[in-house]
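# Descriptive structure summary
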Amino acid sequence: FCIDSHEISSVPQRPDSSANTATAWQLMQQSRWVDAMHAFESADRECTLGAADFEGWAHAAQCAGALVAAIAPLERSAAAHSAAGALEASARAEIILARILLESKETAVAKARLRRAERLLADLPLCEQHGHLEWMTSRYRVYEGDMAGAIEHARRTIEIGKTLHNRDLESIGLLMWGVALQAS
């Protein structure tokens, strides 16, 4: 699951951050998701948040069950990561956005986010986000009713997981492979 990649054990330190930013990260560490969302919102009014702050805000929103509230911070995180040249991190945010949008039935926008993630990852060496992109593309193909495509993307997820020795990718690939096989 994409948000597992996000580390909340270390709080980003920036000289221009506000007290609310530090509070938001402390609340994240305590799994106080709604309070963390509010603290990030307050911090956003007080200072310029960084890409990691936006990603943390989105993580808090998702954990609080407020998926729609995660969209704007994820968009800002993707843009900030991209501007900083952190293409894998930007792709991660795009893939998470695609998942939220697909689950919200915003399929055209979800597909656009997947294409953006694909472009961001195109010239990078094989990494975890390539596997997440394949997994999310498999989910999208299931939604479209293209079970053969879903099975192929699930198979690629599994292969990437094996190559990277990433059991999480292997597991989600196997899950989607099974879903697509049952639906076909």
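In short, a report on the structure. (Residues numbered from 1 in each chain as written. Predicted model: local features only at pLDDT ≥ 70, side-chain atom pairs only at ≥ 80, totals over all residues. Heavy atoms only, no water.)

## Describing the pattern of salt bridges
Inspection of the entire model under this criterion finds 14 salt bridges. Between R156 and E134 there is a salt bridge, and its shortest N-O distance comes to 3.7 Å. Here the residue R156 occupies a position in helix 8 (residues 147–164), and E134 occupies one in helix 7 (residues 128–144), the gap between them amounting to 22 residues. Assessed through its relative accessible area of 15%, E134 is described here as buried. Through salt bridges with shared partners, a single ionic network connects E134, E152, R155, R156 and E159. (Salt bridge = Lys/Arg side-chain N within 4 Å of Asp/Glu carboxyl O. Helix = DSSP H or I, 4+ residues; strand = E, 2+ residues; numbered from the N terminus. Buried < 20%, exposed > 50% of the residue type's maximum accessible area, 1.4 Å probe, protein only.)

## Regarding the packing of aromatic side chains
Scanning all chains against the criterion turns up 3 aromatic pairs. Between F54 and W57, the ring centres sit 6.4 Å apart and the planes meet at 25°, which makes this aromatic pair stacked. Within this pair, F54 and its partner W57 are both found in helix 3 (residues 51–63), separated by 3 residues, close to a single helical turn. We classify W57 as buried; its relative accessible area is 10%. (Phe/Tyr/Trp six-rings, centres within 6.5 Å; stacked < 30°, edge-to-face > 60°.)

## Some words on helix 3
Taking 1.5 Å per residue as the helical rise, helix 3 with its 13 residues ought to reach 18 Å, and the 18 Å between its terminal C-alpha atoms agrees with that figure. Burial analysis of helix 3 places 11 of its 13 residues in the buried class, the great majority of the element. Listing the buried residues of helix 3 in full gives A51, D53, F54, E55, G56, W57, A58, H59, A60, A61 and Q62. Of the surrounding elements, those touching the buried residues of helix 3 are helix 1 (19–29), helix 2 (33–46), helix 4 (67–83) and helix 5 (87–103). G65 lies just past helix 3 and shows a positive phi near 85°. (Expected span 1.5 Å × (residues − 1). Contact = heavy atoms within 4.5 Å.)

## Re the environment of R116
Residue position: R116 is located in helix 6 (residues 107–121). We classify R116 as partly exposed; its relative accessible area is 28%. Spatially, the C-alpha atom of R116 lies 7.1 Å from that of E94, the residues being 22 residues apart in sequence. With sequence-adjacent residues up to four places away left out, R116 is seen in contact with S82, S90 and E94.

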